[in-house]
Amino acid sequence: MFAIIGWAIFGLIVGLLARLLVPGRQAMGLLATMALGVVGSLIGGAITWMIHGAEPNMYQPSGWIMSIIGGIIVVVVALRMQRTA
């Protein structure tokens, strides 16, 4: 149970930071921001795994940084998909 709550809080923080770093207006609520952070964290972990071949730890700066970078990627892709629709 605590792992789910931890992921939710981590996802919310990462999602908020990613949205803050991407210019423009993103119309999403707290749950969407939380999901953005969790998906961004998974993408950041996948990028780290492809580069280093090791799983990142969210308590290390590289884990947080790559999670935020993954969140930024998700925000940019979502904004581009909204513009084309």
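Conventions and cut-offs
The residue numbering used here restarts from 1 in each chain and proceeds along that chain's sequence as written. In keeping with the model being predicted, local features are shown solely for residues with a pLDDT of at least 70 and side-chain atom pairs are shown and tallied solely at 80 or more, while totals for entire chains, interfaces and linings include all residues. Neither water nor hydrogens contribute to the side-chain values; these are computed over all heavy atoms in the structure. Elements are defined by DSSP. Helices are runs of H or I of four residues or more, strands are runs of E of two residues or more, and each kind is numbered from the N terminus. Think of a polar contact as two N or O atoms within 3.5 Å of one another; within protein, one of them needs to be a possible hydrogen donor and the other a possible acceptor, and neighboring residues in sequence only count if both atoms come from side chains. In this description, contact between two residues means that some pair of their heavy atoms is separated by no more than 4.5 Å. A fitted line through C-alpha atoms serves as each axis, taken over the contacting stretch for helices, and the angle formed by two N-to-C directions is quoted from 0 to 180°. An angle counts as roughly parallel when it lies under 35 degrees, as roughly antiparallel when it exceeds 145, as roughly perpendicular when it falls between 65 and 115, and as oblique in every other case. Amino acid classes used here: Ala, Val, Leu, Ile, Met, Phe, Trp, Tyr, Cys and Pro are nonpolar; Asp, Glu, Lys and Arg are charged; the rest, including Gly, are polar.

Some remarks on the side chain of Gln-26
You can see Gln-26 is positioned in the loop between helix 1 (2-21) and helix 2 (30-52). Reaching out from Gln-26, the side chain makes a polar contact with the backbone oxygen of Gly-24 at a distance of 3.4 Å. Sequence-distant contacts of Gln-26, defined by excluding residues within four places in its chain, comprise Arg-19, Val-75 and Leu-79.

Comments concerning the packing of helix 1 against helix 2
Closest axis-to-axis distance for the helix 1/helix 2 pair is 6 Å, and the angle between their directions is 95°. By the angle class used here, helix 1 and helix 2 are roughly perpendicular. Residues Trp-7, Ala-8, Phe-10, Gly-11, Leu-12, Val-14, Gly-15, Leu-16 and Arg-19 of helix 1 touch helix 2, and the partners they reach there are Leu-30, Thr-33, Met-34, Leu-36, Gly-37, Val-38 and Ser-41. Across the contact of helix 1 with helix 2, the residue classes break down as ten nonpolar, five polar and one charged.

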